[in-house]
Amino acid sequence: MNKFIVSPSPHAYTDESVPKLMYGVIISLLPALAVSVYFFGIGMIIVSSVSVASCILFEYLIQRYMMKVKPTHLDGSALLTGLLLAFCLPANIPFWIVMIGALAAVGIGKMTFGGLGNNIFNPALVGRVFLFISFPVAMTAWPEPGQWMHYTDAVTGATPLGLMKEGLANRTVGEIMPEVPSFLHLLVGKSMGSAGEVSALALLLGMFYMMYRKIISWHIPLTILATVAIFTGILWLANPDRFADPLFHLLTGGLMLGAIYMATDYVTSPMTSKGMIIYGVGIGIVTVLIRVFGAYPEGVQFAILIFNGFTPLINKFVKPKRFGKEVKHG
Amino acid sequence: MSLKTFSRGGVHPPEHKLSAGSKIIELPPPEVAVIPVSQHLGAPAKVLVNRGDQVKVGQLIAESSGFVSTNIHSSVSGKVLKVDQFMDSSGYRKMAVQIQVEGDQWIETIDRSDDLVRNSVLPAEDIRKKILEAGIVGLGGATFPSHVKLMVPQGKTAECLIINGVECEPYLTADHALMMERTEELFSGIQLLMKGLGVEKAIVGIENNKPDAIERMKDITKGSNVSVQGLKVKYPQGGEKQLVKAILKREVPSGGLPIDVGVVVFNVGTAHAVYEAVMKNRPLIDRVVTVTGKGLEKPSNFLVRVGTPVSSLIEKTGGLPEQTAKVINGGPMMGKALSTLDVPVVKGSSGILLVDENEARRKEVKPCIRCTKCVTVCPMGLEPYLLMTLSEKSLFERMEPEKVMDCIECGSCSYTCPCSRPLLDYIRLGKAEVGKIMRARKAV
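Before going into details, it helps to say that this report is about the structure given with it. (Residues numbered from 1 in each chain as written. Chains lettered and ligands numbered in written order. Predicted model: local features only at pLDDT ≥ 70, side-chain atom pairs only at ≥ 80, totals over all residues.)

Remarks on the overall build of chain A
And then number 1: For chain A, the count of helices and strands is 13 helices and two strands.
And then number 2: Buried positions account for 51% of the 330 residues belonging to chain A.
And then number 3: Intrachain contacts of chain A at a sequence separation of at least 6 include 73% that bridge at least 24 residues. (Helix = DSSP H or I, 4+ residues; strand = E, 2+ residues; numbered from the N terminus. Buried ≥ 20, exposed ≤ 12 C-beta atoms within 10 Å, placed from the backbone. Contact = placed C-beta atoms within 7 Å.)

Set out below in structure tokens:
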């Protein structure tokens, strides 16, 4: 007599899994990683390796010895956090600072909430902001691209957004623009900034790959980019001497990296397409407000963290369109 | 040809239509038949026979016990061995009539010839009466008594009949085979249903993975007021609400039925049974069942008498493959896993699917990463992740406003979850609990 397995339906499952999704994102990051290594050389190699290794190690140690659960450090999510953290650090930052950032990202950003799936804030951004506040000098010294064999000793300079912010104190946009890398250079990534954020082209390539694989939908990244473009476009049209043009805003700073990779983090973004659009518009507006009117040259990291905080609220109030209107019974 | 589909949610599981194109093989009656008196949605039928009685094929052995109930006829001839509780495919013991088969004697009124009888002069009322008497239920799987659907409630009007030839469940090909081989009969059945319902228009919905069936149905319905609509392959398009949406762009209201938007939906199998009942006086005593699975030598479509044990059906395909770990009554998305092969084929059995060890088990459950896939695929616009969490925490009163009762249990959420979370299991639990809350409120 055969014994059969009995379980409720469905009896078929996709072959999708957390590691597959995570490694899909990691594959999509490879072009940006290659560009970064090309421009920042050994610095990027050290920073990204240390970041990835520390994130995996800290996840393992915390789960094994503090939470006493079965470690999930190899499911790809710690690797991804490590890679994204490296992407938003300067490539010349000392490795021990990277390790502190990794500890903040995994420890504070992820594990204090109970691990993957429970965190409110994007772990990589938590790590970045932690370092930004703790090591403001190291976190704002940007190596010039093309110094292959230089790590902490690389020559540094200001980011395009930094130049703009500082310059606008006493000059017009038109006077500052010649000092900013050309749009072509911004597109390919020959510019100063965090190691992985410089190449808009590589990041967009990654975005299309993720959309093709259906890992992310268009809602979050395109809403953020469109909001930034429209908002800065209005300001630019109102006063082109005071406000830089939308293309400048789209191609500089961490906007692409933030919109495509940080804001789209599954765990910390809304569950419905309508919610994603609200979230994206919010991030876009706050980013521009900080960039244009705030004290910091770049605001995308804070904008995303703020709206990570709003996500549970958005999920509570923004529901998907239900099938079929309600009928009155009776 | 423009293809239509429903707009919200849906998944596309691998189709695995292994038995597609195989001819319907008629099986002889089994040695012993077990005919449950509850093969339909609603009240069980009332048994009319006793131990020792002789019965013939087509004889009424249990009669409808209410409006939402239906007649049960003997599918075999022989002696009643027992009227007792037998396990059915739900795993519960239910009242059934066990018959020792002797020969194959049919009651005289049944026309057993293959001659096609076309033009019916019967008035609508008589058609409905015949359908009621023949014990016809929805053969797509829901087994809702068909005569109930034909009684349009006061204040509502039926404008359009939709015939469901979607067969969106992977593996199953019974409806496909029926459309290919019994096209004329099916067409006649559709016309009878239109007359019984009093509608001027009928549309047959067929998914595009059956181009031969679309073509065959188009040929035969040419020049009539029955049209054929090709549909993009997407699960669960065979769900009534999704099908009405796909074909007519109308949304059946929450808690409502297709008739609320002027539509009545019948499965192709049901339409075929209607032809048999009305034109040939043949009650519903057999049906086409797909027996399939990757381990089977020859997956096939069989015409099987109701009451035939699943075990003897599997024998006909060359016996149970050794590596079989799960036997599913129905398709992989909505079918029920059987604990034993000793259960009878009933009116609602559309297929028997054998699954081997490596596909029979669920994967390890991981924590939810809020990837939104379950929300994206839900055809009813629900939030399965939220419903599961509420159900896990026994917050059932919060599930009702989240529309848990709209869930059609298609399983798209559990299918698509990358963390293998048992979403539908918990939603079913929630539905049962919310049902209790709602009934208690009504009782007050």
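Here the narrative resumes.
Describing the interface of chain B and chain A
And then number 1: If you look at the interface, chain B gives 55 residues, while chain A gives 32 residues.
And then number 2: Looking at the side of chain B that touches chain A, the elements that each hand over two or more residues are β15 (324-329), β16 (336-338), α12 (412-416) and α13 (423-443) of chain B.
And then number 3: The residue makeup of the side of chain B that touches chain A, split by class, is 27 nonpolar, 12 polar and 16 charged. (Nonpolar A, V, L, I, M, F, W, Y, C, P; charged D, E, K, R; others polar.)

As for the environment of A:Ile62
All names here are of chain A.
And then number 1: Counting through the fold element by element, Ile62 comes out in helix α1 (residues 18-66).
And then number 2: Exposure remark for Ile62: the 20 C-beta atoms within 10 Å place this residue in the buried category.
And then number 3: Residues Ile62 and Leu103, spaced 41 residues apart in sequence, show a C-alpha to C-alpha distance of 9.9 Å.
And then number 4: Ignoring sequence-local partners within four residues, the contact set of Ile62 consists of Met67, Val106, Gly107 and Met111.

Quick look at the sheet that holds strand β5 (residues 60-63) of chain B
Residues and elements named next belong to chain B.
And then number 1: Taken in spatial order, the three strands of this open sheet run β3-β5-β6, and their pairing is antiparallel. Single-partner strands in this sheet number two, and they are β3 (46-47) and β6 (72-73).
And then number 2: Pairing of β3 with β5 involves two bridges; the strand directions are antiparallel. Directly across from Lys46, in β5, lies its bridge partner Glu63. (Pairing = 2+ DSSP bridges.)

What about unusual backbone geometry?
And then number 1: The linkage connecting A:Ser9 with the following residue, A:Pro10, adopts the cis geometry, with an omega of 0 degrees.
And then number 2: Structurally, the position occupied by A:Pro10 is in the segment before α1.
And then number 3: Here B:Tyr235 and B:Pro236 are connected by a cis peptide whose omega angle stands at 0 degrees.
And then number 4: Here B:Pro236 lies in the loop between β11 (226-231) and α6 (240-248).
And then number 5: Notably, B:Ser420 is not glycine yet its phi reads approximately 55 degrees, a positive angle.
And then number 6: With respect to the helices, strands and loops of the structure, B:Ser420 is situated in the loop between α12 and α13.

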